[in-house]
Amino acid sequence: MIQSMFLISNTGEVMIEKHWRSVTPRKVCEYFWDEVNKCPSREEVPPIMFTSKYYLISIRRDDLFVVSSVKDDMSPLLIIEFMHRVVDVFVDYFGAVDEMSIKDNFSTCYQLLEEMMDNGYPLTTEPNALKSMIMPPTVFGKVQSTLTGKSTAVADDLAEGMISSMPWRKAGVKYAQNEIYVDIIEEVDAILDKNGQTVSSEVTGLVQANSRLSGIPDLCLTFVDPSVIDDCSFHPCVRYNRFEKEKVVSFVPPDGQFELMRYRVSAETKVTPPIYCQSQILFDSNGPGDHGRINITVGLKHNHSLVLPNKAKSVALEDVELVIPFPAAVKTAMLNVNVGTVAYDESTKIAKWKIGNMNSSLGKAPQLSGKIVLGGVKLEENPPIEVVWKVAVASVSGIAIASLNLTNEAYRPYKGVRTITRSGRFQVRSS
């Protein structure tokens, strides 16, 4: 199974190093970082590498790399899923995963890794069970540990969930106000050509829940049209056999926030995004010091394929942002926009244009224009532009919850449901 795990910053610094079965030398991290620097971008780093002795399996989350070393031939998806779970637990404990939060909570990170894996095999990965054994860091706890010299984060007794048939749920949960919220989030991964036509697309869905229910509630969630859901994966609390037979999601929820299920929308669903991006980048590379021009226009598409409530036709986009990478031949860029703000980073050759919200009442189409200075280097192909957007109360598949029923408890909880469609890896090729 997993020999060792390393958490590497965006600059190549090894911040966390944990060994379970044997000690993996640090030189594998140097080899991994050399391979990372050979890739055109961080997104193109291969998830699996191999040396003469180890397989290196990695993920990238929030500008950090998590790398696991493996000797034996085994399923890499299991290791990738475990590493994602480690990062999710860190986010649950620290609020974010970055260099500062990791360095401020070194001891908690190692305590969590010690409980989450035993001799290279996943052991306890449920946040509720972990919080029963290792308390999340607080300012009071840090002050007390500094004064007494003893850690108060680790519990003396074994968590009740470790000997329960439902390790994901704490015992004796009580709330004055019982409520549960469900978010249906669909992500659109697409590549658009310079004319705005979809070259390839894929839609994946995520159902997240926030449960604040007393006792041991038994929930049953049904969809209006479950046929649009394909290739599902569920939280361990879901009774999978019942979903296979009846297409209903029956479960006893964990306490707090959790990911109930993931799914993929049927490939037959045609995707027409609600946004268009027309770009034109012209270069004159006849000699050193030459210039170029860039023009980008962004706007709303009225013939989109999103399913909106109450048959609404107009769509409102939120948190719109464009990430514009420039070729290595570009020395600098002077950019201007009529909506939002733009910032160009000369070290990474990337410009970020933050537009904000877009709707039919905006009045003018957001435009970016500017002048580009070339450094006399051989000109390469224009990289694709990455577009980030979000639409509230909308979906691509049209999925909707028909009912969410509770049994095994006498109270009637408050229920809230919302749908969100957002961009995943959404790229537009420039001309």
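Residues numbered from 1 in each chain as written. Predicted model: local features only at pLDDT ≥ 70, side-chain atom pairs only at ≥ 80, totals over all residues. Heavy atoms only, no water.

**A few points about the overall build of the protein chain**
To be explicit about the condition: A run of DSSP states H or I qualifies as a helix once it reaches four residues; a run of E qualifies as a strand once it reaches two. Both are numbered from the N-terminal end. Note that the radius of gyration is over C-alpha atoms, with the globule rule given as 2.2 Å times the number of residues to the power 0.38. Remark: exposure states derive from per-residue accessible area (1.4 Å probe, protein chains only) relative to the maximum for the residue type, with buried under 20%, exposed over 50%, and partly exposed in between. Throughout, the Shrake-Rupley method with a 1.4 Å probe supplies accessible areas, and for residues the shown protein chains are the sole cover considered. Neither His nor the chain ends is counted toward charge; the positive residues are Lys and Arg and the negative residues Asp and Glu. Where a charge sits is defined by one atom per residue type, namely NZ (Lys), CZ (Arg), CG (Asp) or CD (Glu).
When you go through the protein chain residue by residue, the secondary structure sums to seven helices and 23 strands. For the protein chain, the C-alpha radius of gyration of 25 Å lies close to 22 Å, the compact-globule estimate for 431 residues. Across its three principal directions, the C-alpha atoms of the protein chain cover 75 × 60 × 45 Å. Put simply, the protein chain has 431 residues, and 44% of those count as buried. Element-wise, carbon and sulfur atoms account for 49% of the exposed surface of the protein chain, whose accessible area totals about 22500 Å². Of the side chains in the protein chain, 45 bear a positive and 51 a negative charge, and the two mean positions are spaced by 3 Å.

**So, the side chain of Gln3**
Here is the rule we go by: Should any heavy atoms of two residues lie within 4.5 Å, those residues are counted as being in contact.
The residue Gln3 is located in strand β1 (residues 2–8) in this model. Look past the residues within four positions of Gln3 in its chain and what remains in contact with it is His19, Trp20, Arg21, Ser22, Thr24, Ser69, Val70 and Lys71.

**Thoughts on the packing of helix α2 (residues 76–94) against helix α4 (residues 106–116)**
Stated precisely, the cut-off is as follows: Where helices are involved, their axes are fitted lines through C-alpha atoms of the stretch in contact, as for all axes, and angles between N-to-C directions lie from 0 to 180°. An angle below 35 degrees is treated as roughly parallel, one above 145 as roughly antiparallel, one from 65 to 115 as roughly perpendicular, and anything else as oblique. In this scheme the handedness of a crossing depends on how the near helix is turned from the far one: anticlockwise by less than a right angle means left-handed, clockwise means right-handed. Amino acids are sorted into nonpolar (Ala, Val, Leu, Ile, Met, Phe, Trp, Tyr, Cys and Pro), charged (Asp, Glu, Lys and Arg) and polar (every other residue, Gly among them).
Their axes nearest at 11 Å, the elements α2 and α4 cross at an angle of 135°. What the angle tells us is that α2 and α4 run oblique. In terms of crossing hand, the pair formed by α2 and α4 is right-handed. For the pair α2 and α4, contact is made by Phe82, Arg85, Val86, Val89, Phe90, Tyr93 and Phe94 and by Thr108, Cys109, Leu112, Leu113 and Met116, respectively. By residue class, the composition of the contact of α2 with α4 is ten nonpolar, one polar and one charged.

**Section: the environment of Gln177**
By the element assignment, Gln177 lies in the loop between α6 (139–148) and β8 (179–192). Sequence spacing of Gln177 and Glu43 is 134 residues, and the spatial spacing of their C-alpha atoms is 44 Å. Contacts of Gln177, omitting those with residues within four sequence positions, involve Arg212 and Tyr414.

**Re the packing of aromatic side chains**
Keep this limit in mind: Centre distance within 6.5 Å is the pairing criterion for rings of Phe, Tyr and Trp, where only the six-membered ring of Trp is used; planes under 30 degrees apart are then read as stacked, over 60 as edge-to-face, and the remainder as tilted.
Taken as a whole and assessed by the stated rule, the structure comprises ten aromatic pairs. Ring geometry for Trp389 against Phe426: centres 5.7 Å apart, planes inclined by 90°, an arrangement best described as edge-to-face. In this pair, Trp389 is assigned in strand β21 (residues 385–392) and Phe426 in strand β23 (residues 414–428), connecting sequence segments 37 residues apart. An aromatic cluster is defined as three or more aromatic residues linked by ring pairs; in this entry it consists of Phe32, Trp33 and Phe65.

**So, the sheet that holds strand β17 (residues 330–337)**
Sheet strands line up and pair through hydrogen bonds in the backbone, either parallel or antiparallel. Counted only if it meets this: Strands are labelled as partners when DSSP assigns at least two bridges between them.
If you trace the four strands from one edge of the open sheet to the other, you get β14-β15-β20-β17, paired in antiparallel fashion. Since the sheet does not close on itself, it has two edges, and those belong to β14 (275–283) and β17, each with one partner. Looking at each pair of strands side by side, their axes are set apart by 15° on average, direction ignored. As judged from the seven bridges shared by strand β15 (residues 291–300) and strand β20 (residues 367–374), these two strands associate in the antiparallel manner. Among the inter-strand pairings, His291 is bridged to a residue of β20, identified as Val373.

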